[in-house]
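Structural description and commentary
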Amino acid sequence: MEKWASEVQTKNLELRFRISEFIHAEKSEFQEIVVVDTLEFGRMLLLDGIVQTTVNDEFVYHEMITHVPLFAHPNPRKVAVIGGGDGGVVREIIKHDSVERVVLCEIDEAVVRVAKEYLPEISCALDDERVEVLFTDGIEYLKKVQNEFDVIIIDSTDPIGPAKGLFVKDFYASVYSALTGNGIFVAQTESPFVFRDILKSAYRSIAQVFPVTRLYLATVPTYPGGLWSFTAGSKTHDVIAPVNEKLADSITTKYYTAAVHKAAFALPKFVEDLIENP
Ligand code: SAM
């Protein structure tokens, strides 16, 4: 019998993936964690039935949420990741020689354990000596941090349950305080096709806190609508181009290049309209 994994994306939209093998399932304190092998996208991690990452397309999201802020910063040394328990963002951060310390703040220890066991291609840098993993709520953690990080990346689940508070103005104000004087942050801000209201509200809140606010896009086939948005907030630098294009082209990637960095900020008209009339 054929087996399928389904993600109910909205009440009117469902995406199905044919499964070759069921790998793991458990219920943690925070969510249901499932790992399956799919025929189209390879191994997949789902949390509460929502696709988080797949081995075949994860590089787009992880490279774009990481290298855009890190290459837009002249000298990123300390970086924090909120969420991101699969380790994909950390794997990309440690490609930057300037980075001395990475703090990953993930609320659910079980996600990190499962990723280390079943998704080694993605979680492979979590034991790097520059990386510290904290199992705590990112909202509470950042409230206590001042002027500490050059870059902060919010690699969160959708705004449901513990991630709800990662999409609000008070949280972005904590991010602002936790950044150094020329700090940059990026958050995943959902789909411009399917989750327009979340995108608009997150963008509006970030723009109320950060003097420089920019939205950019990348295509992630397994996420709702395919086209995905990221919003960067910056204290001083603009983020629309890498500081050093040669350096940006020198690391090994599958999606990110200096040219893609710049192109990602060219927005289709309907997306411009979303953020201009929030
Ligand atoms: N790339 C993914 C996406 O867009 O679907 C997100 C990947 S990552 C697995 C998301 C992580 O955020 C989850 O492991 C979840 O436990 C974590 N998370 C949710 N709320 C959090 C919070 N308040 N503090 C820290 N981590 C949180």
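Cut-offs applied
Residues numbered from 1 in each chain as written. Predicted model: local features only at pLDDT ≥ 70, side-chain atom pairs only at ≥ 80, totals over all residues. Heavy atoms only, no water. Helix = DSSP H or I, 4+ residues; strand = E, 2+ residues; numbered from the N terminus. Buried < 20%, exposed > 50% of the residue type's maximum accessible area, 1.4 Å probe, protein only. Arc of directions from axis to C-beta. Contact = heavy atoms within 4.5 Å. Near = heavy atom within 4 Å. Polar contact = N/O pair within 3.5 Å; in protein donor to acceptor, adjacent residues only side chain to side chain. Areas by Shrake-Rupley, 256 points an atom, 1.4 Å probe, with all protein chains shown as cover. Domains from an automatic or database assignment. Salt bridge = Lys/Arg side-chain N within 4 Å of Asp/Glu carboxyl O. Phe/Tyr/Trp six-rings, centres within 6.5 Å; stacked < 30°, edge-to-face > 60°. Lys NZ or Arg CZ within 6 Å of the ring centre and 35° of its normal.

Moving on, we get to unusual backbone geometry. Even without being glycine, Asp48 reaches a positive phi, approximately 50°. Structurally, the position occupied by Asp48 is in the loop between strand S4 (42–47) and strand S5 (50–54). Residues other than glycine seldom take positive phi values, yet Asn147 does so here, at roughly 50°. Along the chain, Asn147 falls in the loop between helix H5 (138–143) and strand S9 (149–155).

Moving on, we get to helix H10 (residues 269–276). Of the positions making up H10, those classed as buried are Val271, Leu274 and Ile275. Down the axis of H10, the sector holding all buried residues measures 85°, keeping them to one side. In this structure, H10 carries Lys269 and Glu276 as exposed residues pointing more than 90 degrees from its buried face. Packing partners of the buried residues in H10 comprise helix H7 (196–209) and strand S11 (212–219).

Glancing now at the site of the ligand. Among the 24 residues in the neighbourhood of the ligand, the closest are listed as Gln31, Glu106, Asp137, Gly138 and Pro162. In this structure, a nitrogen atom belonging to the ligand sits 3.2 Å away from a main-chain N or O atom of Ile107. Across the complex, the protein chains shield 99% of the 600 Å² of accessible surface that the ligand would expose by itself. For the shell around the ligand, the secondary structure elements donating two or more residues are S5 and strand S7 (101–106).

Taken domain by domain, the protein chain comprises domain 1 (3–54) and domain 2 (58–276). If you average the C-alpha positions of domain 1 and of domain 2, the two centres end up 23 Å apart. Taken together, the 23 residues of domain 1 in the interface contact 23 residues of domain 2. In this structure, Glu26 and Arg113 form a salt bridge, with 2.9 Å as the shortest nitrogen-oxygen distance. Inspection of the domain 1/domain 2 interface yields seven residue pairs in polar contact (both at pLDDT 80 or more). Of all elements in the fold, only strand S1 (3–10), strand S2 (13–27), strand S3 (32–38), S4 and S5 reach the threshold of two or more residues within the side of domain 1 that touches domain 2. Sorting elements by how many residues they give to the side of domain 1 that touches domain 2 places S2 first, with six residues.

With that settled, consider the side chain of Ser191. With respect to the helices and strands, the residue Ser191 is situated in the loop between strand S10 (179–188) and H7. Within the local environment of Ser191, its side chain forms a polar contact with the backbone nitrogen of Phe193, the two atoms lying 3.1 Å apart. Polar contacts involving the side chain of Ser191 include one to the main-chain carbonyl oxygen of Pro224, which spans 3.2 Å. Among all residues touching Ser191, those that are not within four sequence positions of it are Arg196, Leu199, Pro224, Gly225, Leu227 and Trp228.

Tallied over the entire structure, the rule returns 17 salt bridges. In this structure, Asp273 engages Lys269 in a salt bridge whose closest nitrogen and oxygen atoms are separated by 2.8 Å. Of this pair, Asp273 and Lys269 both sit in helix H10, four residues apart, which is roughly one turn of the helix. On the accessibility criterion, Lys269 (54% relative accessible area) is exposed. The network of salt bridges with common partners includes Glu58, Arg91, Glu92 and Lys95.

Moving on, we come to the packing of aromatic side chains. Tallying each qualifying case throughout the model produces 12 aromatic pairs. Each ring, one from Phe193 and one from Phe270, has its centre 5.0 Å from the other, and the planes form 35°; the classification is tilted. Taken as a pair, Phe193 in the loop between S10 and H7 and Phe270 in helix H10 lie far apart in primary sequence, 77 residues in all. Taking the centre distance of 5.1 Å and the plane angle of 15° together, the rings of Tyr216 and Phe230 count as stacked. Here the residue Tyr216 occupies a position in strand S11, and Phe230 occupies one in strand S12 (residues 227–234), the gap between them amounting to 14 residues. By the burial criterion, Tyr216 is buried, and Phe230 matches it. Following the ring pairs from residue to residue traces out a cluster consisting of Tyr61, Tyr216, Tyr223, Trp228, Phe230 and Phe265. Positioned above the aromatic ring of Trp4 is the side chain of Arg16, whose terminal nitrogen or guanidinium carbon lies 4.2 Å from the ring centre. Positioned above the aromatic ring of Tyr176, the side-chain terminus of Lys235 is 4.2 Å from the ring centre.

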